[in-house]
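Spelled out from the first residue to the last, the chains are:
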Amino acid sequence: MSAPKQVKKEYRHSHEIFRRATEVLVGGVNSPVRAFRAVGGDPIVVDHAAGARLWDADGNEYIDYVCSWGALILGHAHPKVVEAIAGQAGRGTSYGMPTELEVELAARIRAALPSCEKVRFVSSGTEATMSAVRLARAATGRDLIVKFEGCYHGHADSFLSEAGSGLATLGIAACPGVPSALAALTLNAPYNDVASVEKLFDQHRDKIAAVIVEPIAANMGVVPPMPGFLRNLREITTRHGALLIFDEVITGFRVCYGGAQTTFGVTPDLTTLGKIIGGGLPAAAYGGGRDLMDRVAPLGPVYQAGTLSGNPLAMSAGIATLDLLAAPGFYESLGDRAKRLGDGIASALRETGASATAARVGSLLTLFFSREPVHDYARAKKCDTQRFAAFFRAMLDRGIFLAPSQFEALFVSAAHSDADIDHTIAACRESLAAVSASS
Ligand code: KE4
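For every chain, the first residue of the written sequence is number 1, and numbering continues from 1 along that sequence. Under the rules for a predicted model, residues below a pLDDT of 70 receive no local features and side-chain atom pairs below 80 are neither given nor counted, while totals for whole chains, interfaces and linings still include all residues. The basis for the side-chain values is all heavy atoms of the structure; hydrogens and waters are excluded.

Visitor: It is not clear to me how the overall build of the protein should be interpreted in this structure. Could you clarify?
Guide: Going along the chain from the N terminus, every DSSP run of H or I of four or more residues is numbered as a helix, and every run of E of two or more is numbered as a strand. For the protein, the count of helices and strands is 15 helices and 14 strands. We compute the radius of gyration over the C-alpha atoms and compare it with the globule rule, which gives 2.2 Å times the number of residues raised to the power 0.38. For 439 residues, the compact-globule estimate of 2.2 N^0.38 gives 22 Å, and the protein sits close to it at 21 Å. Taking the principal axes of the C-alpha coordinates as reference, the protein spans close to 60 × 55 × 45 Å. Only protein chains enter the accessibility calculation, which uses a 1.4 Å probe; a residue is then buried when its area is under 20% of its type maximum, exposed when over 50%, and partly exposed in between. The proportion of buried residues among the 439 residues of the protein is 54%. Of the contacts formed within the protein by residues at least 6 apart in sequence, a portion of 73% connects residues at least 24 apart. Residue exposure ignores everything except the shown protein chains as possible cover, and the areas themselves are Shrake-Rupley values with a 1.4 Å probe. Total accessible area on the protein is roughly 17,800 Å²; 56% of this is exposed by carbon and sulfur atoms. Note on definitions: a residue-residue contact is assigned when non-hydrogen atoms from the two residues lie within 4.5 Å.

Visitor: What's the story with helix H1 (residues 12-24) in this structure? I'm lost.
Guide: Owing to its 3.6 residues per turn, the α-helix aligns residues three or four sequence positions apart on the same side. Between its first and last C-alpha atoms H1 spans 19 Å; for 13 residues at 1.5 Å apiece the expected length is 18 Å, and the two agree. Among all positions in H1, only Ser 14, Phe 18 and Ala 21 are buried. Mapping the buried residues of H1 onto a view down its axis gives an arc of 55°, with all of them on the same face. Looking at H1, the residues exposed on the side facing more than 90 degrees away from the buried face are Arg 12 and Glu 23. The secondary structure elements touched by the buried residues of H1 are strand S2 (53-56). A helix's residues, less one, multiplied by 1.5 Å, set its expected span. Along the arc lie the directions from the helix axis toward the C-beta atoms.

Visitor: What should I look at first to understand the packing of aromatic side chains in this one?
Guide: Two aromatic rings are characterised by how far apart their centres lie and by the angle between their planes. Whether two aromatic rings pair depends on their centres lying within 6.5 Å, for rings of Phe, Tyr and Trp, where Trp uses its six-membered ring; planes under 30 degrees apart make the pair stacked, over 60 edge-to-face, and the rest tilted. Taken as a whole and judged by the stated rule, the model has 12 aromatic pairs. Arranged with centres 5.4 Å apart and planes meeting at 50°, the rings of Phe 369 and Phe 391 form a pair that is tilted. Within this pair, whereas Phe 369 is found in the loop between strand S12 (364-368) and helix H13 (377-380), its partner Phe 391 is found in helix H14 (residues 385-397), the two being separated by 22 residues in sequence. Judged by its relative accessible area of 3%, Phe 369 falls in the buried class. For Phe 391, a relative accessible area of 3% gives the class buried. Among the aromatic residues, ring-to-ring pairing joins Phe 36, Tyr 62, Phe 369, Phe 388, Phe 391, Phe 392 and Phe 401 into one connected group.

Visitor: What's the story with the side chain of Arg 387 in this structure? I'm lost.
Guide: As for its placement among the helices and strands, Arg 387 is situated in helix H14. Charge assignment in this entry is limited to Lys and Arg as positive and Asp and Glu as negative, and neither His nor the chain termini are counted. We count a salt bridge whenever a side-chain nitrogen from Lys or Arg sits within 4 Å of a carboxyl oxygen from Asp or Glu. Buried and without a salt bridge, Arg 387 has Asp 384 as its closest oppositely charged side chain, separated by 4.0 Å. Once you skip the residues sitting within four places of it in the chain, Arg 387 turns out to touch Ser 355, Phe 369, Val 435, Ser 436 and Ser 439.

Visitor: Please explain the sheet that holds S2 as it appears in this structure.
Guide: The strands that make up a sheet are held in pairs by hydrogen bonds between backbone atoms, and each pair lies either parallel or antiparallel. Across the sheet, 4 strands lie side by side as S1-S2-S3-S13; this open sheet has mixed pairing. The open sheet is flanked by strand S1 (46-50) and strand S13 (400-401), the only strands paired with a single partner. Pairs of strands are assigned from DSSP output, requiring at least two bridges between the strands.

Visitor: How do you make sense of the environment of Ala 390 when you look at a structure like this?
Guide: Following the sequence through the fold, Ala 390 ends up in helix H14. In this structure the C-alpha to C-alpha distance between Ala 390 and Leu 349, which are 41 residues apart in sequence, comes to 15 Å.

Visitor: Looking at this model, I keep getting lost on the site of the ligand. Mind explaining?
Guide: Near is defined per residue: the residue qualifies when any heavy atom it owns lies within 4 Å of the molecule or strand. In the neighbourhood of the ligand, 17 residues make up the surrounding shell, with Ser 31, Thr 126, Asn 219, Asp 247 and Glu 408 lying closest. Polar contacts, as used here, are pairs of N or O atoms within 3.5 Å; protein pairs need one atom able to donate a hydrogen and one able to accept it. Residues neighboring in sequence count only if both atoms are side-chain atoms. Here a nitrogen atom of the ligand and a side-chain polar atom of Ser 165 are 3.4 Å apart. Burial of the ligand by the protein amounts to 87% of the accessible area it has alone, namely 530 Å². Any residue that is not Ala, Val, Leu, Ile, Met, Phe, Trp, Tyr, Cys, Pro, Asp, Glu, Lys or Arg is counted as polar, Gly included; the first ten are nonpolar and the last four charged. Among the residues making up the shell around the ligand, the classes are represented as 5 nonpolar, 8 polar and 4 charged.

Visitor: Explain the pattern of salt bridges to me, please; I cannot follow it from the model alone.
Guide: Pairs may arise between side chains of opposite charge once their charged atoms sit close together. Summed over the entire model, instances satisfying the criterion amount to 18 salt bridges. Close ionic contact of Glu 117 with Arg 290 constitutes a salt bridge, the shortest N to O distance being 3.7 Å. Of this pair, Glu 117 sits in the loop between helix H3 (100-112) and strand S4 (118-122) while Arg 290 sits in helix H10 (residues 290-293), placing them 173 residues apart in sequence. Take Arg 290: its relative accessible area is 34%, and that puts it in the partly exposed class. One salt bridge connects Glu 198 with Arg 239, and the closest N-O pair in it is separated by 2.8 Å. Remark: Arg 239 occurs in helix H8 (residues 229-239) and Glu 198 occurs in helix H7 (residues 194-204); sequence separation between them is 41 residues. On the accessibility criterion, Arg 239 (47% relative accessible area) is partly exposed.

Visitor: Explanation requested: the packing of H3 against helix H11 (residues 312-325) in the structure shown.
Guide: Think of two packed helices as two axes; the pair is described by the angle between the axes and how far apart they sit. Comment: axis = line fitted to C-alpha atoms, over the contacting stretch for helices; angle = value between 0 and 180 degrees taken between N-to-C directions. Where H3 meets H11, the closest approach of the two axes is 9 Å, and the angle between their N-to-C directions is 35°. Crossing hand, H3 versus H11: left-handed. Between H3 and H11, the contacting residues are Leu 101, Glu 102, Glu 104, Leu 105, Arg 108 and Ile 109 on the first element and Pro 312, Met 315, Ser 316, Gly 318, Ile 319, Leu 322 and Asp 323 on the second. Its residues assigned to classes, the contact of H3 with H11 shows 7 nonpolar, 2 polar and 4 charged. In this scheme the crossing of two helices becomes right-handed for a clockwise turn of the near helix relative to the far one and left-handed for an anticlockwise turn of less than a right angle.

Visitor: Explanation requested: the environment of Arg 142 in the structure shown.
Guide: Mapped onto the fold, Arg 142 is located in the loop between helix H4 (125-140) and strand S5 (144-148). Sequence-wise, Arg 142 and His 423 are 281 residues apart; in three dimensions their C-alpha atoms are separated by 52 Å. Excluding its chain neighbours within four sequence positions, the residues that come into contact with Arg 142 are Arg 137, Arg 205, Asp 206, Lys 207, Ile 208, Ala 209, His 240, Gly 241 and Ala 242. One polar contact links the side chain of Arg 142 to the main-chain carbonyl oxygen of Ile 208, over a distance of 2.9 Å. Side-chain polar atoms of Arg 142 contact the backbone oxygen of Gly 241, separated by 3.5 Å.

Visitor: Before we go on, may I ask you to explain H4 in this structure?
Guide: Here H4 is 16 residues long and its end C-alpha atoms lie 23 Å apart, about the 22 Å a rise of 1.5 Å per residue gives. Buried residues of H4: Gly 125, Thr 126, Ala 128, Thr 129, Ser 131, Ala 132, Val 133, Leu 135, Ala 136 and Arg 137, and no others. Positive phi shows up at Gly 141, right after H4, with a value of about 70°.

Remember that the coordinates give geometry; whether it matters functionally is a separate question.
Here it is in structure tokens:
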């Protein structure tokens, strides 16, 4: 496909639709990160998408690096995924009863992540993480959990202090409505800081039920784990009888078919998954060893349920997606493409002298407007979010749609062509120059 047309973008229809949206939807959106609050102006209203491309209500065309926040690793409307959804839709969209489809998807997840001897499907990453924490508290009889500043595990009450993603974007350090008694059960440590985790265990010894971590942080921007960080968390939690939860809602089937736990060779007690496993439809899961998982109802007393959990449409899309990801060479090809983009962005940074650094792990990237590399949330928060906003706008004008926040990732999909990557690099170089010139 050719580069998105370089025309003066007209947003008349998006503005009109968004004006109506603000009358009936809170902030005109159904998730805060979509609201463009950190980059100014109204969000574009999407009309349709295909492959790596997105078209807004005014017919403007973009190369999309949000990809439904990482869910669409194959790109939009992959023919095989659409075929699977269409084939199921006529047979019923939800039965509220067991189907072979959920068995098939669960079996694929277990084959890919052996630590997940059993899984339970839910409909969002938030449900997966809140259920995993409930299970960890039940299994250990302990109440405290440790999370990391800048990580985001969904919007359940226990996760909303010092969280990343939309809370970082909107500057919400602590969410009203979460009882202080409940918030006090969540302890925060700086990402990549093992000593701080040791200290929390020294202080709270046998009261910590679990440590929950994004094995590659992607909700403060992309921040890889420092060498040994994950292995140390494994050793500390085992030593103290706490559980280790890998929140792989983003990294699961993203960094490799076996997720970050395979990439880094560290096995958690519980794993949460989402996004990719639903193939663009609402599906998520949590999983772990059978002894642990069999504590969940109906086998055990840990209650968790869901009307649309494991629904056949999402299962069909998930199966079609994972079967395509399992193809030999998929991740190598995706990685090569993402590397080309990362290298191109790094060159653009050098050529323009922009005060920014790029981070990449596999097909996850972030361009931080910080001179220093970003290893934790404290450094991420020092980024120049105004310059990011100007960069975001300049890229949008050049037909490149990035996540409208410094604290998110850029997702490369299998649908991004070499021409898309080249166009993105050129647009990045021009946008960095424009931002530097305007400041
Ligand atoms: P959902 O409840 O949004 O399906 O998943 C929550 C979640 C859990 N864990 C991780 C590591 C996540 O990244 C997420 C959700 N990610 C954000 C984007 N960074 C979703 C976008 C949104 O909130 O609209």
